[in-house]
Amino acid sequence: LDHDAEITKPAVELFTKEVLKGKVPEEAVAAWKRLCSEIVADLTGYYLLGPCSILPLVNMSLLVGSVRNSPIKFDGEHGAPTTRILMIRRLCGEDGIDAARINPQLDALIEEENSKAAELPKPDQQQRTLVEEFLTRFSDAVKPAIIQELKERKFKQFTAEQYRRAEVLSQDLAKGLPVGACRRYPDDEIRNRLLTP
């Protein structure tokens, strides 16, 4: 999507023009384009699938983190998983999505990474904080251009109502009620059967 639509280019141009308001070295612009491309990926996943889009990253990070003694670092392109979780949570807050069901997974990774970060020397801890602050600011600056592009491409945005519906389906499934069964009865009869103990 980003390769075809070149979303990062105008988003980074907007960031350099409106936020930094000055001439920026070409190397910095190239680095921001790489960063922005990852933000496009995260935002697109969230836009289409909601907060559950972050779970593959969380699960992978938990597995990788279990064999490491230090927290997962910012590699110059991908934000630390904890930073990306923070961004997704902020989006959920803006969209009125209650992601309580996935919070245990998110919190498990955050706790693990924070406990490892607490063992780092103070300068390294301060650097992690600065990187997180920059990435949050950068993401906020480029987000409108990315969301606008997704809307113009007529992608259907995941909504809080869809998330609530998924919660109901999940609860029904936990009770042994089939979620994707073939229809055998009209709606009224299905409702009666489901609501009758």
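Structure first, text after, so check above.
Undergrad: Would you take a moment to explain the overall build of the protein for this structure?
TA: Broken down by element type, the protein carries 9 helices and 0 strands. For the protein, the sequential pattern of α-helices and β-strands runs α-α-α-α-α-α-α-α-α. The globule rule puts the C-alpha radius of gyration for 197 residues at 16 Å, and the 20 Å found for the protein is more than 25% above it. A buried classification covers 34% of the 197 residues belonging to the protein.

Undergrad: Is there a simple way to think about the packing of aromatic side chains in this case?
TA: Each aromatic ring pair is summarised here by two numbers: the centre-to-centre distance and the angle between the ring planes. All chains considered together, the criterion is met by 6 aromatic pairs. Between Phe15 and Phe134 the ring centres are 6.2 Å apart and the planes differ by 80°, which places this aromatic pair in the edge-to-face class. You can see Phe15 sitting in helix H2 (residues 8-20) and its partner Phe134 sitting in helix H7 (residues 122-152), a full 119 residues away along the chain. According to the relative accessible area criterion, Phe134 is partly exposed, its value standing at 30%. By way of ring pairs, the aromatic residues Phe15, Trp32, Phe134 and Phe138 are connected into one cluster.

Undergrad: Help me understand H7, please; the structure alone is not making it clear to me.
TA: Residues separated by three or four positions in an α-helix point in the same direction, a consequence of the helix having 3.6 residues per turn. Taking 1.5 Å of rise per residue, the 31 residues of H7 would be expected to cover 45 Å, and the 45 Å separating its terminal C-alpha atoms lies within 8% of that figure. In the structure, H7 departs most strongly from a straight axis at Lys143, where the bend amounts to approximately 40° and where the proline Pro144 lies between one and four residues downstream. When we look at burial in H7, the residues that qualify are Leu135, Thr136, Phe138, Ser139, Ala141, Val142, Lys143, Ile146, Ile147, Glu149 and Leu150. On the buried face of H7, the contacting elements are helix H1 (2-5), H2, helix H3 (26-49) and helix H5 (81-95). Two residues or fewer past H7, Lys154 is found with a positive phi of approximately 65°.

Undergrad: I'm lost on unusual backbone geometry in this one. Help?
TA: We note that Glu6 has phi near 50°; this positive angle belongs to a residue other than glycine. Here Glu6 is to be found in the loop between H1 and H2. The phi angle at Lys154 is positive, at roughly 65°, despite the residue not being glycine. By secondary structure assignment, the location of Lys154 is in the loop between H7 and helix H8 (160-174). A relative accessible area of 70% places Lys154 in the exposed class.

Undergrad: Explain the nonpolar core to me, please; I cannot follow it from the model alone.
TA: Across soluble globular proteins, nonpolar side chains show a tendency to be buried alongside one another. Grouped together as the largest cluster of nonpolar side chains are 40 residues, with contacts concentrated most on Cys36, Phe138, Val142 and Ile146. Looking at this core, the elements with two or more residues in it are H2, H3, helix H4 (55-65), H5, helix H6 (103-117), H7 and H8. The biggest single contributor to this core is H3, with 9 residues. Among all residues touching Phe138, those that are not within four sequence positions of it are Val12, Phe15, Trp32, Leu35, Cys36 and Ile39.

Undergrad: Whenever I open this one, the side chain of Lys143 confuses me. Can you help?
TA: For Lys143, the position within the fold is in helix H7. Only 3.0 Å separates the side chain of Lys143 from the side chain of Glu94, close enough to count as a polar contact. Residue contacts for Lys143: discarding those within four places in its chain leaves Leu43, Leu91 and Glu94.

Undergrad: Explain the environment of Phe15 to me, please; I cannot follow it from the model alone.
TA: Given a relative accessible area of 1%, Phe15 falls into the buried group. In this structure the C-alpha to C-alpha distance between Phe15 and Val142, which are 127 residues apart in sequence, comes to 6.4 Å. Leave out the neighbours within four places in its chain, and Phe15 touches Leu20, Trp32, Phe134, Phe138, Ala141 and Val142.

Undergrad: How do you make sense of H5 when you look at a structure like this?
TA: Counted at 1.5 Å a residue, the expected span for H5 with its 15 residues is 21 Å, and the 21 Å between its end C-alpha atoms agrees. Here H5 has its buried residues at Pro81, Thr82, Thr83, Arg84, Ile85, Met87, Ile88, Leu91 and Cys92. Tucked inside the fold, the buried residues of H5 contact H3, H4, H6 and H7. Following H5 by one or two positions, Gly96 adopts a phi angle in the positive range, close to 70°.

So, how was this worked out
- Residues numbered from 1 in each chain as written.
- Predicted model: local features only at pLDDT ≥ 70, side-chain atom pairs only at ≥ 80, totals over all residues.
- Heavy atoms only, no water.
- Helix = DSSP H or I, 4+ residues; strand = E, 2+ residues; numbered from the N terminus.
- Rg over C-alpha atoms; globule rule 2.2 N^0.38 Å.
- Buried < 20%, exposed > 50% of the residue type's maximum accessible area, 1.4 Å probe, protein only.
- Phe/Tyr/Trp six-rings, centres within 6.5 Å; stacked < 30°, edge-to-face > 60°.
- Expected span 1.5 Å × (residues − 1).
- Bend = angle between axes of the 7 residues up to and from the residue.
- Contact = heavy atoms within 4.5 Å.
- Core = buried A, V, L, I, M, F, W, Y, C linked by side-chain atoms within 4.5 Å.
- Polar contact = N/O pair within 3.5 Å; in protein donor to acceptor, adjacent residues only side chain to side chain.

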